[in-house]
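# Descriptive analysis of the structure
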Amino acid sequence: MLSKSEFKNELESTLHGHLTLAHPIFIELLNTQQPNKKLLKQVALQGYQLTKHFLHYVEHLFFYCPVPKFKRALLVNVYEEETGRLSQTDNHVVLMQNFIRALGVSDEECDAATPLPATQELIDYRLRAVEDPQRYHVGAAAVMIASECQNLETKAGEARHTLLGEVYGLQEKDLLFFSVHQEEDVGHVMQGLSLVTELCNTEKLQKEALEAVDHTCKLFWNMYDNLHREYCQPSTIRLS
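Below is a short write-up of the structure. (Residues numbered from 1 in each chain as written. Predicted model: local features only at pLDDT ≥ 70, side-chain atom pairs only at ≥ 80, totals over all residues. Heavy atoms only, no water.)

## Quick look at the overall build of the chain
Per the secondary structure count, the chain includes 11 helices and two strands. Secondary structure elements of the chain, listed N to C terminal, follow the sequence α-α-α-α-α-α-α-α-β-β-α-α-α. Across its three principal axes, the chain shows a C-alpha extent of roughly 50 × 40 × 35 Å. A buried classification covers 51% of the 240 residues belonging to the chain. The long-range share in the chain, meaning contacts at least 24 apart out of those at least 6 apart in sequence, stands at 76%. Accessible surface, the chain as shown: approximately 11400 Å² in total, 52% of it carbon and sulfur. The chain carries 22 positive and 33 negative side-chain charges, and their two centres are separated by 2 Å. (Helix = DSSP H or I, 4+ residues; strand = E, 2+ residues; numbered from the N terminus. Buried < 20%, exposed > 50% of the residue type's maximum accessible area, 1.4 Å probe, protein only. Contact = heavy atoms within 4.5 Å. Areas by Shrake-Rupley, 256 points an atom, 1.4 Å probe, with all protein chains shown as cover. Lys, Arg positive; Asp, Glu negative; His and termini not counted. Charge placed at Lys NZ, Arg CZ, Asp CG, Glu CD.)

## Some points on the nonpolar core
One recurring pattern in soluble globular proteins is that nonpolar side chains are buried together. Core analysis: the biggest nonpolar cluster contains 76 residues, and L11, F99, I100, L195 and V196 have the highest contact counts within it. For this core, the element with the highest residue contribution is helix α3 (residues 37–64), accounting for 12 residues. (Core = buried A, V, L, I, M, F, W, Y, C linked by side-chain atoms within 4.5 Å.)

## Re a nonpolar patch on the surface
A cluster of nonpolar side chains, namely V76, Y79 and L86, defines an oily patch on the protein surface of about 280 Å² accessible area. Turning to its location among the elements, L86 is positioned in the loop between α4 (68–83) and α5 (92–102). (Patch = residues over 30% accessible without salt bridge, like charges linked within 9 Å, V, L, I, M, F, W, Y side chains within 5 Å. Salt bridge = Lys/Arg side-chain N within 4 Å of Asp/Glu carboxyl O.)

## With respect to the packing of α5 against helix α10 (residues 176–199)
Where α5 meets α10, the closest approach of the two axes is 8 Å, and the angle between their N-to-C directions is 135°. It follows from the interaxial angle that α5 and α10 lie oblique. Note on element contacts: α10 touches α5 through L176, F177, F178, V180, H181 and E184, opposite H92, L95, M96 and F99. (Axes fitted to C-alpha atoms, helices over the stretch in contact; angles between N-to-C directions. Parallel < 35°, antiparallel > 145°, perpendicular 65-115°, else oblique.)

## Focus on the side chain of H161
With respect to the secondary-structure elements, H161 resides in helix α9 (residues 160–168). With residues up to four places along the chain from it excluded, the contact list for H161 reads L175, F178, S179 and Q182.

## What about the packing of helix α7 (residues 117–130) against helix α8 (residues 136–147)?
What describes two packed helices is the angle between their axes and the distance between those same axes. In the contact formed by α7 and α8, the axes pass within 7 Å of each other and the chain directions differ by 130°. Accordingly, the angle class assigned to the pair α7 and α8 is oblique. The two elements α7 and α8 cross, and the hand of that crossing is left-handed. Residue-level inspection shows Y125, R126, A129 and V130 of α7 in contact with α8, the latter providing V138, G139, A142, V143 and S147. (Left-handed = near helix turned anticlockwise from the far one by under 90°.)

## As for the pattern of salt bridges
Under the criterion given, the structure shown has six salt bridges. Ionic pairing is found between K69 and E198, a salt bridge with its closest N-O pair at 4.0 Å. Taken together, the positions of K69 in helix α4 and E198 in helix α10 put the pair 129 residues apart, joining distant regions of the chain. Where D174 meets K173, a salt bridge forms, and the shortest distance between an N and an O atom there is 3.3 Å. Residue classification places K173 among the exposed residues on the basis of a relative accessible area of 55%.

## Quick look at α8
Within α8, 12 of the 12 residues are buried, which leaves the element mostly enclosed by the surrounding structure. Listed as buried for α8 are Y136, H137, V138, G139, A140, A141, A142, V143, M144, I145, A146 and S147. Next to the buried residues of α8 lie α1 (4–15), α3, α4, α7, α10 and α11 (203–231).

## Quick word on the packing of aromatic side chains
Applying the stated criterion to the full structure yields five aromatic pairs. Between F54 and Y57, the ring centres sit 5.9 Å apart and the planes meet at 80°, which makes this aromatic pair edge-to-face. Of this pair, F54 and Y57 both sit in helix α3, three residues apart, which is roughly one turn of the helix. A residue is classified by how much of its surface remains accessible, and Y57, at 0% relative accessible area, is buried. (Phe/Tyr/Trp six-rings, centres within 6.5 Å; stacked < 30°, edge-to-face > 60°.)

## Side note on α9
In terms of residue burial, α9 counts as a mostly covered element, since seven of its nine residues are buried. Within α9, the full set of buried residues consists of R160, H161, L163, L164, G165, V167 and Y168. Of the residues one or two after α9, G169 is the one with positive phi, at around 65°.

Next comes the structure, spelled out in structure tokens:
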């Protein structure tokens, strides 16, 4: 069994082992010479499928949390996801809808979109984890660490949404979903690391949490790979 500090370091190392910003789909999206707005719309619509479930994940993590200080922090997270009051913006699903509208996607088209198979796999994996109190550490690792970190990735010091905004001429108000999460998710990831480190007090639990972080990051990669197969060039190798 690893010490708490060793385990936390291993969680962070695992987290950064599969950075999705390195996926070929972002080379296509961030091509300033040939912006691909059609592709960006499809990526956004799949991202919306994830966003619709996120409050459900956090609500379950709050409800089943066995550590009072972390339970309070999760309640704050739920409040912000639902209301946007702390960031003085809006409900986070609404913020994502605003981003999609800024891309020229109608509400009808947005409502009609469905998850691709890899997107659904990512949704279901996290749902199963957070809804099972016996796998709480897995759900916390998958959601609070691996998922919350996705908006924190940068390229040459710039956040993904900032780069996309520059390429596609999006305004700051269009990107609020991402800028709000970039600010808040730093704290959420740190809380997740601390919570999972505290909960995993056996070698078995530590191993399961590390596998959850690794697997969730791979599922995000595979979601982009699925999009790449559908809308770009031949697929990269699926991570499993």
